[in-house]
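# Notes for the structure review
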Amino acid sequence: MSARTPRLLAMAAVAALALATTACAEDATNGNTGPGGSDGTIKSGLKIAFLPKQVNNPYFTTSDNGGKAAVEEFKGVYSETGPSEASPSAQVSYINTLSQQKTDVIVVSANDKDAICGALNEARQSGAKVVTFDSDTKPSCRDLFINQATAEGIAKIQIKLISEAIGPDGGDIAILSATANATNQNAWIEMMKTELAKPEFAKLKLVDTVYGDDQDQKSFTETQALLAKHPNLKGIISPTTVGVAAAARYLSGSTYKGKVQLTGLGTPNQMRAFVKDGTVKAFALWNPADLGYLAAYAGGALASGIITGKEGEKFKAGKLGEFTVGKDATVLLGDPFTFNASNIEQFNF
Ligand code: RAM
């Protein structure tokens, strides 16, 4: 774990408080009222819109609230809009509207790396800066991608957790993913396959990958179908907060509870009951509020001319400190964090 981990722990522990009190601006880069930018401060009055994969997902409620706190710190105008279903092209009409409204920064988690590119590039031609966060587009369609953790790190922790949960005898495992086009889940699945090819995981065999489309009911039904189809299944990895919560709910009410192991990427509030009842031993995630907060600051820095997306550029992200733009116009939040029975009570998001 990196030096950022204790910070994540501390941040997450106070996340509810921070969100409830709408973090004040004591160490923000605000205070400027003019056009700003050249002196390294974010311009005030920037219109910053968050466009999640879907709006009715607690993960995005948390991330976007983190963005709102940041936008308020630098005295911008925050908004959130988006589809209720995470389908590939569902975000296009929202992007067009935001562009017509002369939004300065669109912060988007992409349902598909290609499908929204045309709309995003039109918005950019009209003057908007585009920041992807959580799930990227093709790099040519955005100015910056705010990555929650490396795909390799996210893959490694999930393989490690399922391996530990199943034990040394190993067995068949399956993946319950989000939508088939999701850039983020697809990158993580590829890296999980690479990880599984290592000798230490030779006893784990990936037998199926299914998609719950980040819909609770579909994820629940897909879990049920997976278990019917693979009677020897020993574990499920669900790299989506919607999927892992639905799978946990199914398992906890079934005869598979404690026999078929489950891990993945979940929010503590959605997973707490299933950790307590023994359905899930451990799962991982980052702090979604920090991810949204960082994305908002990055958007503000872009729209103020502080950064352009070039490797090596630096910008300040309020309480999270200074970040550096990496390769392919990407900024990294930190490492994933593991939640289990010993720490889950400390988190509220
Ligand atoms: C779901 C979404 C999101 C992903 C998390 C882990 O909420 O698919 O994109 O990052 O899970």
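Preceding block: the structure.
Everything in this summary refers to the structure shown in the same document. (Residues numbered from 1 in each chain as written. Predicted model: local features only at pLDDT ≥ 70, side-chain atom pairs only at ≥ 80, totals over all residues.)

## Re the sheet that holds strand β3 (residues 105-108)
Rules: Each pair of strands is called paired provided DSSP finds at least two bridges between the two strands. Here a strand is any run of E in DSSP of at least two residues, a helix any run of H or I of at least four, and the numbering for each starts at the N terminus. With axes taken as lines fitted to C-alpha atoms, and helix axes fitted only over the stretch in contact, angles between N-to-C directions fall between 0 and 180 degrees.
Across the sheet, six strands lie side by side as β2-β1-β3-β4-β5-β13; this open sheet has parallel pairing. Two strands lie at the open edges of the sheet, namely β2 (77-80) and β13 (330-332), each paired on one side alone. The average undirected angle you get between the axes of adjacent strands in this sheet is 20°. Pairing of strand β4 (residues 129-133) with strand β5 (residues 144-147) involves three bridges; the strand directions are parallel. Looking at the pairing, F133 lines up with I146 of β5.

## Examining the sheet that holds strand β7 (residues 204-211)
Here we have four strands laid out as an open sheet, ordered β7-β6-β8-β9, and parallel in their pairing. Of all the strands in the sheet, just β7 and β9 (261-264) have a single pairing partner and so form its edges. For this sheet, the mean angle separating the axes of adjacent strands, direction not counted, is 25°. Of the pairings in the sheet, the one linking strand β6 (residues 171-177) to β7 comprises seven bridges and is parallel in character. What sits directly across from G171, in β7, is L204.

## Quick look at the nonpolar core
Put simply, the rule reads: Structurally, a nonpolar core is described as a collection of buried Ala, Val, Leu, Ile, Met, Phe, Trp, Tyr and Cys residues joined by way of C-beta atoms within 7 Å. Exposure in this text rests on C-beta crowding, where 20 or more other C-beta atoms within 10 Å of a residue's own make it buried, 12 or fewer make it exposed, and counts in between make it partly exposed. The C-beta atoms are placed from the backbone. Segment limits for the domains were obtained from an automatic or database-derived domain assignment. Here contacts are defined at the residue level, using C-beta atoms placed from the backbone and a cut-off of 7 Å between them.
Counting residues in hydrophobic clusters, the biggest one holds 99 residues, and the most contacted among them are I106, V107, V131, I146, L294 and A298. Element by element, the count of residues in this core is highest for helix α11 (residues 288-303), at 11 residues. Both domain 1 (47-148 + 288-334) and domain 2 (151-285) contribute no fewer than three residues apiece to this core. Among residues more than four places away in sequence, those in contact with I106 are A49, L51, I95, L98, A123, A128 and V130.

## With respect to the packing of helix α6 (residues 151-166) against helix α7 (residues 183-196)
Counted only if it meets this: Here roughly perpendicular refers to angles of 65 to 115 degrees, roughly parallel to angles under 35, roughly antiparallel to angles over 145, and oblique to all remaining angles. A crossing counts as left-handed when the near helix is turned anticlockwise from the far one by less than a right angle, and as right-handed when that turn is clockwise. Residue classes follow a fixed rule: Ala, Val, Leu, Ile, Met, Phe, Trp, Tyr, Cys and Pro count as nonpolar, while Asp, Glu, Lys and Arg count as charged, and any other residue, Gly among them, counts as polar.
Close contact between α6 and α7 brings their axes to 8 Å; oriented N to C, the two are set at 55°. Our classification of the angle between α6 and α7 gives oblique. Crossing of α6 over α7 shows right-handed handedness. Together, A151, E152, I154, A155, K156, Q158 and I159 of α6 and A187, W188, M191, M192, E195 and L196 of α7 make up the contact between the two elements. Its residues assigned to classes, the contact of α6 with α7 comprises nine nonpolar, one polar and three charged.

## Quick word on the site of the ligand
The condition is simple: To decide whether a residue is near a molecule or strand, its C-beta atom is placed from the backbone and checked for lying within 6 Å of it.
Taken together, 14 residues form the shell around the ligand, and within it Y59, A178, T240, T241 and L265 come nearest. When its residues are assigned to classes, the shell around the ligand shows five nonpolar, six polar and three charged. Looking at which domains feed residues into the shell around the ligand, each of domain 1 (47-148 + 288-334) and domain 2 (151-285) supplies at least three.

## With respect to unusual backbone geometry
Not every positive phi belongs to a glycine, and D213 is a case in point at roughly 55°. For D213, the location among the structural elements is in the loop between β7 and α8 (216-229).

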